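# Inside the fold
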There are 2 protein chains.
Amino acid sequence: MTIYNFSAGPAVLPKKVLETAQSELLNYRGSGMSVMELSHRSSLFDEIICSAESLLRELMEIPDNYKVLFLQGGASLQFSMVPLNLAQGKKALYVDTGAWSKKAISVAKAISTLDVEVIASSEDKSYNYIPELPQTVDQAAAYVHITTNNTIEGTAYSTIPNFGKVPVVADMSSNILANDYQVTDFGLIYAGAQKNIGPAGLTVVIIREDLLNQTAIFAPMLDYALQVKSNSMYNTPPTYSIYMAKLVFEWLKDQGGIPSIFEKNKEKAKILYDAIEKSELFKSPVRSDSRSLTNIPFVTGNVELDKAFNQAALAEGFQNLKGHRSVGGMRASLYNAFPLEGVRAFVTFMEKFESEQGGK
Amino acid sequence: MTIYNFSAGPAVLPKKVLETAQSELLNYRGSGMSVMELSHRSSLFDEIICSAESLLRELMEIPDNYKVLFLQGGASLQFSMVPLNLAQGKKALYVDTGAWSKKAISVAKAISTLDVEVIASSEDKSYNYIPELPQTVDQAAAYVHITTNNTIEGTAYSTIPNFGKVPVVADMSSNILANDYQVTDFGLIYAGAQKNIGPAGLTVVIIREDLLNQTAIFAPMLDYALQVKSNSMYNTPPTYSIYMAKLVFEWLKDQGGIPSIFEKNKEKAKILYDAIEKSELFKSPVRSDSRSLTNIPFVTGNVELDKAFNQAALAEGFQNLKGHRSVGGMRASLYNAFPLEGVRAFVTFMEKFESEQGGK
């Protein structure tokens, strides 16, 4: 049985990448060592981390005045690092678009010296849309924090707002490398790797150099400027995850890069959204202008029926479709590595299930 | 050519572990998914992390009143987390036995509210011994921090000091699972995985539950109590590294556990120390009562000769022998996975090199 893995993260990886990792696992390029066994100070690993950075720069067209960091701790640690580094003595502005935005806001608020303001929210409608943002914001603010894609609620920004001198800081964990965002629209981008980049345990940060903190943070591991100065090697980085990310970046380049994968992602999402629209059984809880390409929740409106659907889907090899407990129903995560044929097979299965339920 | 990898970390892993990882890489237990692709909330991953914890508990005989955490950020992040969580309003005591102790001390000192005191140091002799410790310390102190094994300088504690009510906190990164320490001698143990546990990017923390912070830390990711409450899943943990750690723990159990590996480590170290003692070319910079089993530096006293030795060794497949820049010469890291036959082959090579140099 073919398995299609709809997990929201850690998520499906390109098969070709896993095959390369498998073939090199005991002996990387004739070294007689696994990548996991390489010293992070070795020339072999140096080549891996440098390639990973240069491939990411090429794929995302990252200008030279942006630094790229390979860190640990996931987006959750960035929730603390961003305000600690960027908002020293300044106000921090947040847009509240879902569970992860909410966490970012509450972690920022836990810093006693920080003045946090939420400038827009879609909480009034269970976060089922991206709210309109104010045309202007306090130009003395440190940043406006947004979540470009809301993994749980299935919403995404199609255009990135501009707040003049105030930089946009983005949690891009669930659609980095999947949308055609321009890096120059952001002051700082961060993303946990476990959706579109590689295995869990790696966090990518892209920061415009003028935003680097001028004064040291008390905890060296949380200090962007120090991590930049150390080329992400203030201490031992997650070497194997960086190697996997490099393989994923190579694969993505082979796919034609972001313009090409973005078209494929739109095609995959359209097939599923069209099936949901056509259906009389399933519906999308998300307002049509705010829908994510990478995370697509849908419900029947009947908890028992959702459960029956999930069980039937699992029996056919459609894994990890159960919706997040806060939304319920189903959620299909269609990251870059999720194959088009998997979406087609799944839509066929949805139609079959619906007809068996006596739907149209 | 057989490769023997003397890297100080990331370091050699058991071949059997790498072979299992390779065979399961694309299809873990018939799931059709890689471990890297498993949701951290899936039952398959739950079984992995629970097994990893229970194997570690069994190997180290960790009592029930100690919690085990699988975190990120390495020992360097623990340098901040330990004082933030444990020393709220209390004095923190440190023993300075080398480069990593020194870092731990300087990171603790960077916390402006913290009162840090160094109670013993071996800096006077380039850290080539473990200093005598005071019989008594201020019983109101939060902890005494020690580094059980000094990776760079090649020293280790053979017995763990006792300071009455004041718990010992240990950075055990480079000899966890390699020595026969008793967990009950410590209040908290932390270790980066990349030496004796698995790939870089995983940090193990073992904490006695009465030491868990009662008040929350401003950064949730740095909060031991919250991480305990979340079973190391406050956010997505480094799933693949935890899987690799589980495989290493299984391997170690198959080897007879810690009593058996400790004997093997003593045997491996003795072969190398005896060769150094016997030699007229090489010498150990470390005082004989303080020598590490896992990291063995040695020098010729001649920088050019050290270089020639390292080059000749490399040509014979002995990798990563170059000593840390602060000590120079050579360093052989003999972690659990380093094979006995590798030490024998290396000692033979040392003798050959010495005789070619006109040594005895």
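The structure displayed is predicted, hence computed values, not measured ones.

Here we come to the confidence of the model for chain A. Per-residue pLDDT for chain A averages 97, and the proportion of residues at 70 or more is 99%. Predicted complex, confidence summary: ipTM 0.98, pTM 0.98.

This part covers the interface of chain A and chain B. The partner chain B presents 55 residues to the 55 residues of chain A that form the contact. A per-residue breakdown of the area chain A buries against chain B is headed by Met 36, Glu 37 and Phe 218 of chain A, which together make up 15% of the total. On the surface where chain A and chain B come into contact, there are zero salt bridges. At the boundary of chain A and chain B, one finds eleven residue pairs in polar contact (both at pLDDT 80 or more). Contributions of two or more residues to the side of chain A that touches chain B are made by helix H1 (15-24), helix H3 (74-86), helix H4 (99-109) and helix H6 (239-254) of chain A. Broken down by element, the residue count for the side of chain A that touches chain B peaks at six residues, all from H1 of chain A. Along the lines of polarity and charge, the residues of the side of chain A that touches chain B split into 29 nonpolar, 22 polar and four charged.

All names here are of chain A. For chain A, the domain assignment lists domain 1 (15-254) and domain 2 (257-358). Placing a centre on the C-alpha atoms of domain 1 and another on those of domain 2 gives a separation of 27 Å. Of the roughly 1900 Å² buried between domain 1 and domain 2 on both sides combined, carbon and sulfur atoms contribute 55%. Run the count over domain 1 and domain 2 and you get zero salt bridges. Among the elements of the structure, helix H2 (43-60), strand E7 (155-156) and H6 are those that each provide at least two residues to the side of domain 1 that touches domain 2. Tallied by class, residues from the side of domain 1 that touches domain 2 come to ten nonpolar, nine polar and four charged.

Glancing now at the relation of the copies chain A and chain B. Taken as rigid bodies, chain A and chain B are interconverted by a rotation of 180° and an axial shift of 0.0 Å, the fit giving an RMSD of 0.0 Å. What the rotation and shift describe, once combined, is the action of a two-fold rotation axis. Closest to the rotation axis within chain A is the C-alpha of Gln 22 of chain A, separated from it by 2.7 Å. Both copies share a contact surface, since 100% of the interface residues of chain A are interface residues in chain B too.

Here we take up the environment of Ala 225 of chain B. Residues and elements named next belong to chain B. Residue placement: Ala 225 occurs in helix H5 (residues 224-229). Residue classification places Ala 225 among the partly exposed positions, given a relative accessible area of 23%. For the pair Ala 225 and Thr 236, spaced eleven residues apart in the sequence, the C-alpha separation amounts to 17 Å. When near neighbours in sequence (up to four residues on either side) are disregarded, Ala 225 contacts Leu 212 and Asn 213.

This part takes up unusual backbone geometry. Going from Gly 9 of chain A to Pro 10 of chain A, the amide bond is cis rather than trans, its omega being -10°. Of note, Pro 10 of chain A is situated in the loop between strand E1 (4-5) and H1. Residue Ser 126 of chain B is not a glycine yet carries a positive backbone phi of 50°. Structurally, the position occupied by Ser 126 of chain B is in the loop between strand E4 (115-121) and strand E5 (143-147). On the accessibility criterion, Ser 126 of chain B (61% relative accessible area) is exposed. The phi angle at Asn 320 of chain B is positive, at roughly 60°, despite the residue not being glycine. Mapped onto the fold, Asn 320 of chain B is located in the loop between strand E12 (318-319) and strand E13 (330-333). The class for Asn 320 of chain B is partly exposed, based on a relative accessible area of 25%.

All names here are of chain A. The end-to-end C-alpha distance of helix H8 (residues 303-315) is 19 Å, a good match for the 18 Å that 13 residues give at a rise of 1.5 Å each. By the burial criterion, the buried members of H8 are Leu 305, Asp 306, Phe 309, Asn 310 and Ala 313. What you see down the axis of H8 is that its buried residues fit within an arc of 140°, all on one side. Looking at H8, the residues exposed on the side facing more than 90 degrees away from the buried face are Glu 304, Gln 311 and Ala 315.

Turning our eyes to something else, we now look at the UniProt feature "binding site: L-glutamate" (unreviewed entry) in chain A. Residues and elements named next belong to chain A. The residues that UniProt annotates with the feature "binding site: L-glutamate" (unreviewed entry) are Arg 41. Note on placement: Arg 41 falls in the loop between H1 and H2. Arg 41 gets classed as exposed once you look at its relative accessible area, which sits at 55%.

Tyr 240 of chain A together with Met 60 and Tyr 240 of chain B are the most contacted members of the largest nonpolar core, which totals 132 residues. Excluding anything up to four places from it in sequence, Tyr 240 of chain B contacts Leu 25, Met 36 and Tyr 240 of chain A together with Ala 21, Leu 25, Val 35 and Met 36 of chain B.

Attention shifts here to the sheet that holds strand E9 (residues 188-192) of chain B. Residue and element names in this part refer to chain B. If you trace the seven strands from one edge of the open sheet to the other, you get E2-E10-E9-E8-E5-E3-E4, paired in mixed fashion. The sheet is open, and its two borders are formed by strand E2 (66-71) and E4, each paired with just one other strand. This sheet shows a mean twist of 20° between the axes of neighbouring strands, independent of strand direction. Across three bridges, strand E3 (residues 91-96) lies against E5 in parallel orientation. Among the inter-strand pairings, Leu 93 is bridged to a residue of E5, identified as Val 144. Running over the sheet, helix H2 (residues 43-60) touches E2, E9 and strand E10 (203-208) and is turned about 130° from E2. Along the sheet face, helix H4 (residues 99-109) touches E3, E4 and E5 and points at about 160° away from the line of E3.

Residue and element names in this part refer to chain B. Bridge analysis of E3 against E4 gives six bridges, and the strand direction is parallel. From the neighbouring strand, Lys 91 faces E4, where its bridge partner is Asp 115. For the segment spanning E3, H4 and E4, crossover handedness is right-handed.

Criteria and thresholds
Residues numbered from 1 in each chain as written. Chains lettered and ligands numbered in written order. Predicted model: local features only at pLDDT ≥ 70, side-chain atom pairs only at ≥ 80, totals over all residues. Heavy atoms only, no water. pLDDT = per-residue confidence, 0-100. Contact = heavy atoms within 4.5 Å. Buried area = accessible area lost by both parts, 1.4 Å probe. Salt bridge = Lys/Arg side-chain N within 4 Å of Asp/Glu carboxyl O. Polar contact = N/O pair within 3.5 Å; in protein donor to acceptor, adjacent residues only side chain to side chain. Helix = DSSP H or I, 4+ residues; strand = E, 2+ residues; numbered from the N terminus. Nonpolar A, V, L, I, M, F, W, Y, C, P; charged D, E, K, R; others polar. Domains from an automatic or database assignment. Least-squares fit on C-alpha atoms with pLDDT ≥ 70 in both. Buried < 20%, exposed > 50% of the residue type's maximum accessible area, 1.4 Å probe, protein only. Expected span 1.5 Å × (residues − 1). Arc of directions from axis to C-beta. UniProt positions renumbered as here; feature names shortened; annotations may be inferred. Core = buried A, V, L, I, M, F, W, Y, C linked by side-chain atoms within 4.5 Å. Pairing = 2+ DSSP bridges. Axes fitted to C-alpha atoms, helices over the stretch in contact; angles between N-to-C directions. Right-handed = clockwise from strand over helix to strand, strands pointing away.

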